[in-house]
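Results of the structural survey
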Amino acid sequence: MKIEILKLQKIKWEGITDFPELYKYMKLHLEDIGYADERNLETRYIERAKPEGKKQLEISWHAVKKKSDFFVFNIDTNFLILGMSDTELQEEGIKRKMQKGVFEVRVSSYIKSTDKWDELKGLQKMYERMIMKKRIDELIKELYEKSTAYFSYIKTFLGLRD
Amino acid sequence: MSVGKEMKIHPSKGIVIRYKGIIDIDSLYKDVKSWFKKNDYDYFEKENTEKNKPQGNTLIIKMRAERKVDDYVRFDIGVDFDEILRVKKVNKGYSGDARIIIRAEMIFDYYNNWKTIPFLFYIYNNLIIKKKIYTFYFPKIYNEMMDLNSLIKKDLGLIR
């Protein structure tokens, strides 16, 4: 069983940002809420060199949190960065290295049942489903709040409206 | 007309509002979000794009909200800031060209309990609760859609 909460929600910023900082803060946010650790988050990191010293990045993260024996929370993040190049910005008299390009982040979140849930049979399944209905609604609410907060966090970092 | 899985409330292309001039995008955005919250909708954003351009920024914001009215009917409302062009900061907010689209629809059997028995689903929608759909659910969501339309027009200073 899979219950989708956010479906590939898109944040796109065309301009200048501190991308390594964004990357780091997003990772820390997921770690802070207990969805990831250093080793099990990144599932893909592709960097392609493009003409004029520009780069294209494709990064995927899969963050998980086990909620019970029956359900697991998942938050997927996909980055697509096009035409990224370094640029220097003067901020309060200090030169700061930033990145210029098209930054796209997509966030999905969903609840997945474990094998233990799927293997329930007969009366036990009926019983669990009946008593779990309310609990599932609570889980949906919890993941909705966590994943929309994560989405807002990224928007705020990029200076987008929230 | 038979009632299917969903029923669109908006005109075929949605309610389109076009505006050129001074827009307080920040307060418009906040007001729409608050409206959803006030009316018990679960809010999320399908897209939030901003392109930094010399002639002024381009904005695309696709706001989505849904409310489970009961175990059978769900209201879905979408507001698209479908390209606000040439956004430049001025004294009272921003100047720009905006196209805003409002869409609303009703989703029936959103838990898909009737998925395996489409015939009964058809009978239920078109015989048993058809009257309730047209006299209870439809006016409710229609009024909400128009209320939101008024709010956006008010924020833009348009005639209502």
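Counting restarts for each chain, with residues numbered from 1 along the sequence as it is written. The lettering of chains begins at A and the numbering of ligands begins at 1, in the order of writing. With the structure being a predicted model, the display of local features is reserved for residues of pLDDT at least 70 and the display and counting of side-chain atom pairs for 80 or more, all residues being used for whole-chain, interface and lining totals.

Observations concerning the environment of Asp147(B)
Mapping Asp147(B) onto the fold places it in helix H3 (residues 130-156). Along the chain, Asp147(B) and Trp35(B) lie 112 residues apart, while their C-alpha atoms are 9.4 Å from each other. Where helices and strands are cited, they refer to DSSP runs of H or I of at least four residues and of E of at least two residues respectively, numbered from the N terminus.

Regarding the interface of chain B and chain A
Contacts between the two partners involve 12 residues from chain B and, on the opposite side, 14 residues from chain A. Of all the elements in the fold, those that place two or more residues in the side of chain B that touches chain A are helix H1 (25-38) and strand S3 (42-51) of chain B. Of the residues forming the side of chain B that touches chain A, the biggest block, 9 residues, is contributed by S3(B). Across the side of chain B that touches chain A, the residue classes tally to 2 nonpolar, 3 polar and 7 charged. Relative to S3(B), strand S1 (residues 2-17) of chain A runs parallel, the two sharing 5 bridges. Remark: residues whose backbone-derived C-beta atoms lie within 7 Å of one another are considered to be in contact. Gly is placed with the polar residues, together with every amino acid not listed as nonpolar (Ala, Val, Leu, Ile, Met, Phe, Trp, Tyr, Cys and Pro) or charged (Asp, Glu, Lys and Arg). Strands are treated as partners if at least two bridges between them are detected by DSSP.

Details of the nonpolar core
Ile25(B), Ile141(B) and Met145(B) are the most contacted members of the largest nonpolar core, which has 28 residues in total. Of all the elements in the fold, those that place two or more residues in this core are H1, strand S4 (57-68), strand S5 (73-90), strand S6 (93-108) and H3 of chain B. The biggest single contributor to this core is S5(B), with 7 residues. For Ile141(B), the residues in contact, after removing those within four places along its chain, are Ile9(B), Phe75(B), Ala104(B) and Met106(B). If you look at the next biggest cluster of nonpolar residues, it comprises 25 residues, including Leu6(A), Leu30(A), Val107(A) and Tyr150(A). In this usage, the nonpolar core is the set of buried Ala, Val, Leu, Ile, Met, Phe, Trp, Tyr and Cys residues whose C-beta atoms join them within 7 Å. Residues are called buried when their C-beta atom has 20 or more other C-beta atoms within 10 Å, exposed when it has 12 or fewer, and partly exposed otherwise; all C-beta atoms are positioned from the backbone.

Some points on H3(B)
All names here are of chain B. Expected span of a helix, by definition, is 1.5 Å for each gap between consecutive residues, and there is one gap fewer than residues. The first and last C-alpha atoms of H3 sit 37 Å apart over 27 residues, in line with the 39 Å expected at 1.5 Å per residue. The bend reported for a residue corresponds to the angle between axes fitted to the seven residues ending at that residue and the seven starting there. Its axis deflected by about 35° at Phe138, H3 carries its strongest bend there, up to four residues before the proline Pro139. Buried within H3 we find Tyr137, Ile141, Met145, Leu148 and Ile152. Once H3 ends, the next one or two residues include Gly157, with phi positive near 75°.

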